[in-house]
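What follows is the residue order along each chain.
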Amino acid sequence: MESTGRPRIVIVGAGFGGLWAAKALRKADVEVEIIDRHNFHTFFPLLYQVAAAELAPGDISHPVRKIIRRQRNARFTHAEVTGLDSATSTLMTTAGVKNFDYLILAAGSTTIYYGVAGAEAHSFPLRTLEEAVRLRNHLLARFEAAEQLPADARGHELTFLIVGGGPTGVEFAGAIQELINGPLPRDHPRLSVKDARVVLVEAGERLLSVYPEKLSAYARQRLERMGVEVLLGASVEAVDEAGVDLAGGARIDSQTVVWTAGVGGPPDLSAWGLPIGRNGRVEVAPDLSVNGSDHVYVVGDSSQPGEVASPMVAQNATQQGTLAAENILRVVAGQVPHAYSYRDLGNMAVIGRNAAVVHLFGKIAFKGYLAWVMWLALHLAKLIGFRNRVAALLSWAGDYLFRDRVARLITSQPDE
Ligand SMILES: Cc1cc2nc3c(=O)[nH]c(=O)nc-3n(C[C@H](O)[C@H](O)[C@H](O)COP(=O)(O)OP(=O)(O)OC[C@H]3O[C@@H](n4cnc5c(N)ncnc54)[C@H](O)[C@@H]3O)c2cc1C
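Residues numbered from 1 in each chain as written. Predicted model: local features only at pLDDT ≥ 70, side-chain atom pairs only at ≥ 80, totals over all residues.

Caption draft 1: Just the site of the ligand, in detail. Close contacts around the ligand come from 35 residues, with Gly13, Gly15, Gly17, Gly108 and Gly300 the closest. Mapped by element, the contributors of at least two residues to the shell around the ligand are α1 (16-24), β2 (31-36), α2 (47-51), α6 (167-181) and α9 (314-332). Tallied by class, residues from the shell around the ligand come to 18 nonpolar, 11 polar and 6 charged. Shared between two domains, the shell around the ligand holds at least three residues of each, these being domain 1 (8-37 + 79-111 + 263-332) and domain 2 (119-261 + 346-402). (Near = placed C-beta within 6 Å. Helix = DSSP H or I, 4+ residues; strand = E, 2+ residues; numbered from the N terminus. Nonpolar A, V, L, I, M, F, W, Y, C, P; charged D, E, K, R; others polar. Domains from an automatic or database assignment.)

Caption draft 2: Inspection of the packing of α1 against α9 at higher detail. For the pair α1 and α9, interaxial distance at closest approach is 7 Å and the crossing angle is 35°. In this structure, the crossing between α1 and α9 has a hand that is right-handed. Every residue of α9 that contacts α1 at Phe16, Gly17, Gly18, Trp20, Ala21 and Ala24 is listed here: Ala314, Ala317, Thr318, Gln320, Gly321, Thr322, Ala324, Ala325 and Glu326. For the contact of α1 with α9, a count of residues per class yields 8 nonpolar, 6 polar and 1 charged. (Axes fitted to C-alpha atoms, helices over the stretch in contact; angles between N-to-C directions. Left-handed = near helix turned anticlockwise from the far one by under 90°. Contact = placed C-beta atoms within 7 Å.)

Caption draft 3: Representation of α1. Taken across its 9 residues, α1 has 8 buried, putting it largely inside the fold. Phe16, Gly17, Gly18, Leu19, Trp20, Ala21, Ala22 and Ala24 are the residues of α1 that are buried. (Buried ≥ 20, exposed ≤ 12 C-beta atoms within 10 Å, placed from the backbone.)

Caption draft 4: Representation of the sheet that holds strand β14 (residues 229-232) in the model. Strands sit in the order β11-β18-β12-β13-β14 across an open sheet of 5 strands; the sheet is parallel. Here the strands that pair on one side only, and so sit at the sheet edges, are β11 (124-125) and β14. Relative to strand β18 (residues 256-259), β11 runs parallel, the two sharing 2 bridges. Each residue of the ladder has a partner; that of Phe124, found in β18, is Val258. Across the sheet, α6 is in contact with β12 (159-163), β13 (197-202) and β18; its angle to β13 comes to roughly 170°. (Pairing = 2+ DSSP bridges.)

Caption draft 5: Region of interest: the packing of α6 against helix α8 (residues 213-226). Contact geometry of α6 with α8 gives a least axis separation of 10 Å together with a crossing angle of 20°. In terms of their interaxial angle, α6 and α8 are classed as roughly parallel. The two elements α6 and α8 cross, and the hand of that crossing is left-handed. Facing α6, whose interface residues are Val170, Ala173, Gly174, Gln177, Glu178 and Asn181, α8 presents Ala219, Leu223 and Met226. Here the contact of α6 with α8 is built from residues that sort into 5 nonpolar, 3 polar and 1 charged. (Parallel < 35°, antiparallel > 145°, perpendicular 65-115°, else oblique.)

Here it is, written out as structure tokens:
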């Protein structure tokens with residue numbers, strides 16, 4: 001970045017934390033540079049719908065350059081950040097060395113496997129757009145493969161096993177089951193819905209453990225009514241190319257094991273001299289700065305401010321991104337930065353058509369059709385880009401009215 005004499009603020013990551021930090025700086029007399037290895041922002045809450053062929057990848061992603069086009073003090077660099085030297089305020093990137101006066105690191109998270117043998121090698125993670133497309137290709141290819149097999153040999157191809165009964169696992173299990181119940185039998189008249197199995201495996205005693213118990217029970221009952229097999233208190237001990245072994249000796253054969261069970265801070269950060277705490281997240285001070293410096297801040301999924309609540313959800317990332325930006329402006333103005341506190345506006349998860357759970361402000365809990373309508377409206381409103389909202393709405397309408405999924409495309413070789 002050319003020197004303009006104004007404070008130079010570099011933001012790593014154009015996810016929820018990074019973009020909201022940039023937005024909070026839009027009127028400030030500073031230079032902002034956003035760096036991301038992807039040239040687009042991904043709306044992760046709808047990622048599972050890409051994997052389930054419900055939405056196209058472009059419906060949930062938006063070019064960063066377009067998002068910041070009107071922000072005159074901001075620019076974007078498409079590059080991978082490979083190192084950080086806090087002492088000299090420099091970042092190493094694939095686009096060269098970048099100097100900064102202030103840094104906001106919003107590098108997101110990664111899938112963790114808790115050391116389960118074979119899990120990383122043989123299961124499908126669901127944390128990036130590329131992973132969602134790969135999973136969609138694989139899933140649809142299983143139906144093509146099953147069609148070539150005699151009826152009694154199809155079970156292995158058509159058993160879809162999801163590990164982790166959190167929101168992503170629940171939403172994805174529901175979405176695959178609806179794909180199986182709806183459009184696929186019409187595409188594959190030789191296959192029967194009964195040939196397919198969706199199994200959701202959760203080590204704890206209930207699904208959606210951060211929600212009130214009655215919502216967990218509802219989610220389980222709705223999934224089972226749709227045809228999903230829900231296994232609670234079932235730990236996966238090992239994964240191989242042909243299925244999983246559960247604690248206690250049970251075995252489930254499956255060509256498709258989807259791992260939604262664990263998430264932690266990104267792997268690179270420990271090599272960058274940052275203090276890594278529990279779950280691989282960077283330990284930050286209450287004002288989100290790190291290493292006792294007032295010029296490096298870490299936000300979102302990558303950051304853990306002491307014992308303060310910091311869930312790995314979008315609203316935490318946006319709140320932290322905004323505060324880090326405001327704190328930098330306070331430091332620049334010689335003021336005292338503020339401490340972070342998380343405002344829990346609520347959580348919601350969709351289970352299937354007409355069925356969702358909503359938990360607002362940690363107090364109000366409801367489920368069913370009203371929750372589903374609220375889920376739809378909120379996700380539509382939050383999706384970045386007018387075209388994306390229209391595309392999502394049309395796809396959902398097609399799915400709801402005609403049980404059709406627009407994105408049933410196998411775009412690469414199944415084994416890629
Ligand atoms: C499948 C799924 C479903 C989810 N559902 C929900 C939901 O329903 N509701 C909810 O609130 N939250 C949900 N979340 C969580 C939510 O998406 C995250 O909490 C949020 O995205 C965190 O924001 P962030 O800015 O910390 O990171 P991210 O949004 O992950 O952004 C990180 C960015 O940093 C970039 N990056 C990382 N490392 C580098 C590097 N070395 N160089 C360059 N760029 C880099 C990445 O490309 C990425 O763009 C979901 C997440 C997933 C994966």
